[in-house]
Every structure is written in structure tokens, then in C-alpha cells.
Amino acid sequence: MRTARLRTVHPVQWAGWAALAAGAVLCVLGWYGVSGERYAERQLPYLASCTVPGAALIVAGAVLLTHGRGALAAARVEELYGLLVAAEPTGAEESTAAAGAPLAVSGDLLMVPGGTLWHRADCPLVAGKVESVPVDAKLLASGELGPCPICEPVEETD
């Protein structure tokens, strides 16, 4: 779900990139003109007409890109806030989950290879991941894996 404000940021970024490119071209042209002249009085026109405006365009392009990215980030934060406010819990089930009830209740324990935590099978961090595997009892005994703070699994004792 994109808002109209997100679409208006893109022209600012395009203008920033265009200003940077035009400034770079002018600086190269100014350098080329200055390098072909031996005397300083003949180099000044190239500096005044190409290099100085090129540097100004580079600065303007950098400012436009910074402003465009900041506006894009602000628009995304506003969009995420709108989604968060729209998804407020309304029923009794959601209020118990918010009151401290665990998110996952499965008894099966899973881990992700290379990970440092073990999870319940229905934990949101591993649910649906094909790379998750059952927890190895040796890793649990050695203390290399810690319990997930999201689903708060309890170690099974066989």
C-alpha cells in the first residue's frame, strides 16, 4: 500500500541525480579546458563557466538527494504508524496476548542451523522456515543454544 506522498519523492531524487551528473560533466569540461591553457588569464573563463557552476550543481544534487531520502523515510514511518494504529487489538484474545501470554505454545523445539536460539515450532521467528531443524539434545546440554525470548520455550526432559 503506497501513498501519493511516496510517489512525489521520486522526482526530487531524480533531480538530485541529474544535478550530480551535470555538475560532474561541467567539472570535467572545466578541467579539460584549464589543462589546455598555459596562462592563468586564459584558464579563468573555464573556471568561471564550468568548474564553479559544476561544483555548485554537485552540492545542490547532494542536498536534493539527502532531502529526498529523508522525506521518503518520513513517509515510510508515517505509513508504518498508520498500519500499526489500524491493527490495534479489539477482542479478548488479543488482549490476553498483549498481557503477557506466550506467542507460541507448541511442544516441539526447533532451531535454525548456525543460530544461537531454540524455539517452539510455532514461534513467529521459525514458523514457515524450511531450513529450521529439530533441536539437537547435545547442543542443548552443552549450553550453546539459548531459549528464544519471543516464544519462551521450556526445555523438554526425556
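In this text, all values refer to a predicted model and were calculated from it rather than measured experimentally.

### What about the overall build of the chain?
Point 1. When helices and strands are tallied, the chain shows four helices and four strands.
Point 2. In sequence order, the secondary structure elements of the chain are arranged as α-α-α-β-β-β-α-β.
Point 3. Within the chain, buried positions represent 23% of all 158 residues.
Point 4. Counting contacts in the chain only where the partners sit at least 6 residues apart, residues at least 24 apart contribute 62% of the total.
Point 5. Element-wise, carbon and sulfur atoms account for 65% of the exposed surface of the chain, whose accessible area totals about 10,900 Å².

### Points about the sheet that holds strand 3 (residues 133-134)
Point 1. The four strands lie next to each other as 3-1-2-4, forming an open sheet whose pairing is mixed. Among the strands making up the open sheet, the edge pair consists of strand 3 and strand 4 (146-147).
Point 2. Here strand 1 (residues 109-111) runs beside strand 3; their pairing, made up of two bridges, is antiparallel. For Met-111, the partnering residue across the bridge sits in strand 3 and is Val-133.

### Quick notes on a nonpolar patch on the surface
Point 1. A surface patch of nonpolar side chains, amounting to about 330 Å² of accessible area, comprises Tyr-81, Leu-84 and Val-85.
Point 2. With respect to the secondary-structure elements, Leu-84 resides in helix 2 (residues 40-86).
Point 3. Among the residues examined, Leu-84 registers a relative accessible area of 60% and is labelled exposed.

### Describing the nonpolar core
Point 1. Judged by nonpolar contacts, Leu-109, Met-111, Trp-118, Val-135, Leu-140 and Leu-145 together constitute the single largest core of six residues.
Point 2. Core analysis: the second largest hydrophobic core is formed by five residues, Leu-110, Cys-123, Cys-148 and Cys-151 among them.

### Things to note about the side chain of Gln-13
Point 1. With respect to the helices and strands, Gln-13 occurs in helix 1 (residues 4-35).
Point 2. Given a relative accessible area of 14%, Gln-13 falls into the buried group.
Point 3. Beyond its immediate sequence surroundings of up to four residues, Gln-13 is in contact with Leu-65, Gly-68, Arg-69 and Leu-72.

### Quick notes on the pairing of strand 2 (residues 117-120)
Point 1. Here strand 1 pairs with strand 2 via three bridges, running antiparallel. Bridging across to strand 2, Met-111 finds its partner in Trp-118.
Point 2. Linking strand 1 to strand 2, which pair antiparallel, is a turn of five residues; within it Gly-114 sits at a positive phi near 90 degrees.
Point 3. Bridge count for strand 2 against strand 4 is two bridges, and the pairing is parallel. Bridge pairing links Trp-118 to Pro-147 in strand 4.

### Digging into the confidence of the model for the chain
Point 1. Mean pLDDT over the chain works out to 76, with 77% of the residues at or above the 70 mark.
Point 2. Confidence scores differ between elements of the chain, with helix 3 (residues 92-98) showing the lowest mean pLDDT of 51 and strand 3 the highest of 84.

### Side note on the environment of Val-63
Point 1. Within the secondary structure layout, Val-63 lies in helix 2.
Point 2. You can call Val-63 exposed: its relative accessible area is 53%.
Point 3. Sequence spacing of Val-63 and Gly-16 is 47 residues, and the spatial spacing of their C-alpha atoms is 7.4 Å.

### Here we look at the environment of Val-59
Point 1. Within the fold, Val-59 resides in helix 2.
Point 2. In this structure the C-alpha to C-alpha distance between Val-59 and Ala-19, which are 40 residues apart in sequence, comes to 8.5 Å.

### Regarding helix 2
Point 1. Between its first and last C-alpha atoms helix 2 spans 66 Å; for 47 residues at 1.5 Å apiece the expected length is 69 Å, and the two agree.
Point 2. Of all bends in helix 2, the biggest is about 45 degrees, found at Leu-47.
Point 3. Within helix 2, burial applies to Cys-50, Gly-54, Gly-61, Leu-65, Gly-68, Ala-71, Leu-72, Ala-75 and Glu-79.

The rules behind each value
- Residues numbered from 1 in each chain as written.
- Predicted model: local features only at pLDDT ≥ 70, side-chain atom pairs only at ≥ 80, totals over all residues.
- Heavy atoms only, no water.
- Helix = DSSP H or I, 4+ residues; strand = E, 2+ residues; numbered from the N terminus.
- Buried < 20%, exposed > 50% of the residue type's maximum accessible area, 1.4 Å probe, protein only.
- Contact = heavy atoms within 4.5 Å.
- Areas by Shrake-Rupley, 256 points an atom, 1.4 Å probe, with all protein chains shown as cover.
- Pairing = 2+ DSSP bridges.
- Patch = residues over 30% accessible without salt bridge, like charges linked within 9 Å, V, L, I, M, F, W, Y side chains within 5 Å.
- Salt bridge = Lys/Arg side-chain N within 4 Å of Asp/Glu carboxyl O.
- Core = buried A, V, L, I, M, F, W, Y, C linked by side-chain atoms within 4.5 Å.
- pLDDT = per-residue confidence, 0-100.
- Expected span 1.5 Å × (residues − 1).
- Bend = angle between axes of the 7 residues up to and from the residue.

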